Structure formats: C-alpha cells, structure tokens
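Take a look at the letters that make up each chain.
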Amino acid sequence: MKKIKVMTVFGTRPEAIKMAPLALELASRPEFDAQCCVTAQHREMLDSVLNIFQLQPDYDLNVMEPRQTLSTITSKCLNGMDSVLEDAEPDLVLVHGDTSTTFAGALASFYHKIPVGHVEAGLRTYDKWSPFPEEINRKLVGAIADLHFCPTAANRDNLARENITKGVFLTGNTVIDALQTTIIKDFTFIDKTLDSLDYVNQKVVLVTCHRRENYGQPMADIMTAMRRVADAFPDTELVYPVHLSPVVQEAAHRYLGGHPRIHLIMPLDVREMHNLMARCYMVMTDSGGLQEEAPALGKPVLVLRRETERPEAVEAGTVRLAGVEEEKIFQMASQLLSDRTEYDKMAHAVNPYGDGQACSRIADIIAWHFGRREMPPEEFGQ
Ligand code: UD1
Ligand code: UDP
C-alpha cells in the first residue's frame, strides 16, 4: 500500500522542540513517508534542537538573517516552500503554533492545494497586538488548516467559537512528549556556569525574555525589576540564557550586565534547559514553552506579559501573571523568594498540557484520516 507522505515544516527553536518528537514518531511508523522541511527562521537555535533529537531535515530553506523583518521572513519562507512542495508533493503538511514559518508554511500549502494539519491549534488571547504577530498568525492558520490538533479543551472551545468544529482533535501538547525524553536523573551540565551553581543553598531563578511586544520600554522595566530582585535577595542567582536576537542581547547586557549573581549565558541546548528548569527554584519568563514545561516540573512561574493564551496552569495555581511593570514584577518575585507558604502554594506539579502521548495520538489521527485505521484514538483527558 502507498505510504502517506507527511511533511513537517518548522523553523524556530520552540517549533523544533515541539515538532521533533512528532517527526520521529511519524518516521518510526511503516504507513508514513515522513519528510521534514526546516525554514531555518532560526539558525543556531534550530540546529541545536535538530542535533539533540538527531533529526536530519530533507529540505532546509536557510532563510535567517540578522534583524530580519516579519515581511522578509514570511516572503522568503513562502517563496522557498514553493519549490519544496513541488518537489515533494506531500499528502499532508504539518505546521506548528504561530510563528512566521507556521503562517507561510500553511499558506504555501494552501496555494498548492495540499491539506494542512495544525499542531498546537486553538490558542488565543483575543488581542490582535499581543502576542504580536503570533495571535494573527495562528488565527490565519486556523482558517487554512484541515486538521487541528488542540493541546487542551479550552483550545478546542476557542476554535468552536470561530465555527471551526470539523477535523478538531484534543491531543495534549507535544512539548510534554519532548520533556519526557530530555529530563535525566542526576544530569551533569556541560555549561560551566550551570555546573558551578549551588542549587541547594542558593535560590536559582531561571529567567527568559524575548517577545517582540516586549521590545523597548516593557523589556527595560522587566529587566530593571530582575536586577532589583538580585540586589534585594543575596541568596538568589539569576540565570538568563539570552536569546540570540540582537535586540534582546543589547537590552539584557545593558540592564543586567556586570552583576555578580546575574548570569547572562548563551542559549542552552534543550536538554540543559529542561534539566536546569527541573533543578531551579522558580521561573520568570515571557516564553510560551516555559509556561507549559515548568508546571509539569512543579516550578512556580511568573509570566512577564499582560495576558496569556495558556490559562490552564494559571487556573491550576502554578503560574501567575506578573505583567510588564517593574514594581509589580519586583513585588511578586519578592513574595515567592521570601514567603515559603506562598511559594509552596505554587510549587506542585500539574500537567494540564499533556500526558506525553500527543505525538502518538496525532500520528493515529492522521492514519485514520487517510483510511488506515478504523477509529481515531482516544482524546487526551485532562
Ligand atoms: C520567533 C517567533 C516567536 C517565537 C520565537 C521563539 C515570529 C514572528 N516570531 O521570534 O513567535 O516565540 O521565535 O524564540 O515568528 N537569531 C540568531 N540566531 C538564531 C535565532 C535568532 O541570530 O538561531 C537572531 C537573528 O538576528 C534574528 C533574530 O534573532 O533576526 C530574531 O529572530 P526572529 O525569528 O525574527 O524572531 P524571534 O524574536 O526569535
Ligand atoms: N529553550 C532552550 N534553550 C534556551 C531557552 C529556551 O532550549 O536557552 C527552550 C525552552 O525550554 C522551550 C522553548 O525553548 O522548550 C521555548 O522557546 P522560546 O522561549 O524561544 O519561544 P516561545 O515558547 O516563547 O515561542
């Protein structure tokens, strides 16, 4: 019987972390001819993930350039996808989440009349400008996609509100699948700073900040708050693997550089990152992925944004919205660093985002969609 040709398309670090386990799952099954196309919207940060998961792309558009604009990324990805899709002729293209790569990958597939599956579908803030441009990217992909793989029931409800009810499946988030392969007991860090930290007597706070809507004043306020936290609490060590974006690099070094207990380090490979998260005291971040991973590891998270499209862990009590204003961030971090009762309220492991079976469910659904299985799999139960 002819194999179903399924092409995964991704380009940034978080998409790679969340799509690699799925690409590997598809490749392991005889009914699929699994193809992988990377746009390389990110370069080093993407290659690091490919390396850890030992994934070899079939196509690489290599679009990254320093300080790239949204229009450049989108048009380069769109143009590049043309020849890839003409050459590969996949039966289905899978895109992930809400990046420029995601949108361009879905649009190019639509132009070629190739069905699209959207992994991590249905996340919404209902604010066009935040996250920017992700909220609109994911809405546009929602309009194009034929199969929608929703991490949570709330995500499915969001799609229903837009009258998207066909081809919608509750699968859990593939990031939890990834996490199960990267966390290692008694892990030894390669990074010298991470290896030298005292995780028992000091409070190691993992911080990241990179979002476009935080560029400028919000980022300055967030980072000023972080420095105040380090100054006010001598028993803390702030570890910040700084995103390679020149905008972020400049801000981080300007506001946080030269402090003995703020460690500005290069982006970590995903295994180092996940094991650092497992060992840290708490997380302060504007990242989407970290909001999903840290709760699974029982780590309190302060979200450095005004809103979140991931309300599930807020409801479960492990994530709090700290906003982007200096004083509020400082106060909320101070409370978690000084009040054990408040800390303990948040530090419990919850898994609203998945059970580690999302990739297997998605592969089963695709097989069923193409008539190779009698029934779709059981949905992810929260
Ligand atoms: C992108 C996504 C965002 C996602 C983030 C994950 C869009 C519009 N944004 O934002 O949704 O949360 O990735 O990190 O798709 N750079 C390097 N090397 C790398 C990666 C980036 O040098 O490996 C630098 C380049 O100068 C690049 C800049 O970072 O121009 C910004 O990258 P870009 O993909 O445009 O935006 P992100 O902020 O990373
Ligand atoms: N991550 C990583 N190394 C780092 C920082 C983040 O491996 O130095 C991982 C993190 O664990 C998560 C993903 O990258 O899985 C999140 O990526 P990012 O914050 O860049 O994007 P977002 O999730 O906000 O889209």
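Residues numbered from 1 in each chain as written. Chains lettered and ligands numbered in written order. Predicted model: local features only at pLDDT ≥ 70, side-chain atom pairs only at ≥ 80, totals over all residues. Heavy atoms only, no water.

### A short note on the overall build of the chain
Going by this rule: Here a helix means four or more residues in a row that DSSP labels H or I, a strand means two or more in a row labelled E, and each is numbered from the N terminus. The reference for a compact globule is 2.2 Å times residues^0.38; the radius of gyration itself is calculated from the C-alpha atoms. Exposure is judged per residue with a 1.4 Å probe applied to protein chains only, and the accessible area is read against the type maximum: over 50% gives exposed, under 20% gives buried, and values in between give partly exposed. Any two residues whose heavy atoms approach within 4.5 Å at even a single point are treated as in contact. Working convention for charge: Lys and Arg count positive, Asp and Glu count negative, and His plus the chain ends are omitted. Just so you know, the charge point we use is NZ for Lys, CZ for Arg, CG for Asp and CD for Glu.
Scanning the chain from N- to C-terminus turns up 16 helices and 13 strands. Over its C-alpha atoms the chain spans a radius of gyration of 20 Å, differing by no more than 12% from the 21 Å that the globule rule assigns to 382 residues. Projected onto its principal axes, the C-alpha coordinates of the chain cover approximately 65 × 40 × 40 Å. Expressed as a percentage of its 382 residues, the buried residues of the chain come to 60%. At a minimum sequence separation of 6, the contacts of the chain that also span at least 24 residues come to 69%. Within the chain, the 53 negative side-chain charges are centred at a point lying 2 Å from the centre of the 39 positive side-chain charges.

### Observations concerning the pattern of salt bridges
To be explicit about the condition: Note on definitions: salt bridges are taken to be side-chain nitrogens of Lys or Arg within 4 Å of carboxyl oxygens of Asp or Glu.
Evaluated as defined, the whole model comprises 31 salt bridges. R320 is the partner of E342 in a salt bridge, and the nearest nitrogen-oxygen pair spans 3.0 Å. Here R320 lies in strand β13 (residues 319-321) and E342 lies in helix α15 (residues 340-346), a separation of 22 residues in the sequence. By relative accessible area, E342 is classed as buried at 13%. The exposure class assigned to R320 is partly exposed, which follows from its relative accessible area of 22%. Three or more residues joined by partner-sharing salt bridges are found here, namely K18, D98, E120, E135, R138, E292, R305, E307, E309 and R310.

### Structural notes on the packing of aromatic side chains
Spelled out, the test is: Note on aromatic contacts: the rings of Phe and Tyr and the six-membered ring of Trp form a pair at centre separations within 6.5 Å, being stacked when their planes are under 30 degrees apart, edge-to-face when over 60 apart, and tilted otherwise. For a lysine, the NZ atom is tested; for an arginine, the CZ atom; a charge sits over a ring if that atom is within 6 Å of the ring centre and within 35 degrees of the ring normal.
Within the structure shown, the criterion is met by seven aromatic pairs. Ring centres of F189 and Y199 lie 5.9 Å apart, and the angle between their planes is 25°; this geometry places the pair in the stacked category. On the criterion of sequence distance, the pair formed by F189 in the loop between α7 (174-182) and α8 (192-196) and Y199 in the loop between α8 and β8 (203-208) is long-range, its members being ten residues apart. In this structure F189 comes out as buried when scored by relative accessible area, which is 5%. One aromatic cluster in this structure is built from F149, F169 and W368. The aromatic ring of F330 is capped on one face by R228, whose charged end is 4.0 Å from the ring centroid.

### A word on the sheet that holds strand β10 (residues 262-265)
Convention followed: Two strands pair if DSSP finds at least two bridges between them. Angles run from 0 to 180 degrees between N-to-C directions of axes, and those axes are lines fitted to C-alpha atoms, restricted for helices to the stretch in contact.
The parallel open sheet is built from six strands, whose spatial order is β10-β9-β8-β11-β12-β13. The open sheet has two free edges, formed respectively by β10 and β13, since each of these has just one partner strand. Across the sheet, the mean angle separating the axes of adjacent strands is 20° when strand polarity is ignored. Here strand β9 (residues 236-241) runs beside β10; their pairing, made up of four bridges, is parallel.

### With respect to the site of ligand 2
The following threshold applies: In these notes, residues near a molecule or strand are those with any non-hydrogen atom within 4 Å of it. Counted as a polar contact is a pair of N or O atoms within 3.5 Å, where, for protein atoms, one must be capable of donating a hydrogen and the other of accepting one, and residues adjacent in sequence contribute only when both atoms are in side chains. Areas reported here follow the Shrake-Rupley algorithm with a probe of radius 1.4 Å; residue values treat only the protein chains shown as occluding. In the scheme used here, Gly and all other residues not listed as nonpolar or charged are polar, with Ala, Val, Leu, Ile, Met, Phe, Trp, Tyr, Cys and Pro taken as nonpolar and Asp, Glu, Lys and Arg as charged.
Lining the immediate surroundings of ligand 2 are 17 residues, of which R13, L268, S287, G289 and E293 lie closest. R13 places a polar side-chain atom, nitrogen or oxygen, 2.8 Å from an oxygen atom of ligand 2. The contact in question runs from a nitrogen atom of ligand 2 to an N or O atom on the backbone of L268, over 2.8 Å. Protein contacts shield 94% of the accessible area of ligand 2, which totals 530 Å² for the unbound molecule. Looking at the shell around ligand 2, the elements that each hand over two or more residues are α1 (13-27), α11 (270-279) and α12 (288-296). Tallied by class, the residues present in the shell around ligand 2 amount to nine nonpolar, five polar and three charged.

### Some remarks on the site of ligand 1
Around ligand 1 sit 26 residues, and of these Q41, H42, E44, E134 and R212 come closest. In this structure, an oxygen atom belonging to ligand 1 sits 2.9 Å away from a main-chain N or O atom of E65. R212 places a side-chain nitrogen or oxygen 2.7 Å from an oxygen atom of ligand 1. Bound to the protein, ligand 1 loses 95% of the 750 Å² it would expose on its own. Of all elements in the fold, only α2 (44-53) and α3 (70-88) reach the threshold of two or more residues within the shell around ligand 1. Taken together, the residues that form the shell around ligand 1 break down as ten nonpolar, nine polar and seven charged.

### Details of the environment of Y240
In this structure, Y240 sits in strand β9. Of the residues examined, Y240 reaches a relative accessible area of 0% and is grouped as buried. Residues Y240 and A358, 118 residues apart in the sequence, show an inter-C-alpha distance of 30 Å. Setting aside residues up to four positions removed in sequence, Y240 forms contacts with V207, T208, C209, M223, V248, A252, L256, H263, L264 and I265. In this structure the side chain of Y240 is engaged in a polar contact, spanning 2.8 Å, whose partner is the backbone oxygen of C209.

### Digging into a negative patch on the surface
The condition is simple: Nonpolar side chains (Val, Leu, Ile, Met, Phe, Trp, Tyr) are joined into patches within 5 Å and like charges within 9 Å, using only residues with over 30% relative accessible area and no salt bridge.
Residues D82, E86, D87 and E89 make up a contiguous surface patch of negative charge. The residue E89 is located in the loop between α3 and β4 (92-96) in this model. Its relative accessible area of 58% is what places E89 among the exposed residues.

### Examining the pairing of strand β2 (residues 32-38)
Of all seven residues in β2, five are buried, a share of seventy percent or more. For strand β1 (residues 4-10) and β2, the ladder comprises seven bridges, and the chain directions are parallel. Each residue of the ladder has a partner; that of M7, found in β2, is Q35.

Any functional reading would require information beyond the geometric quantities listed.
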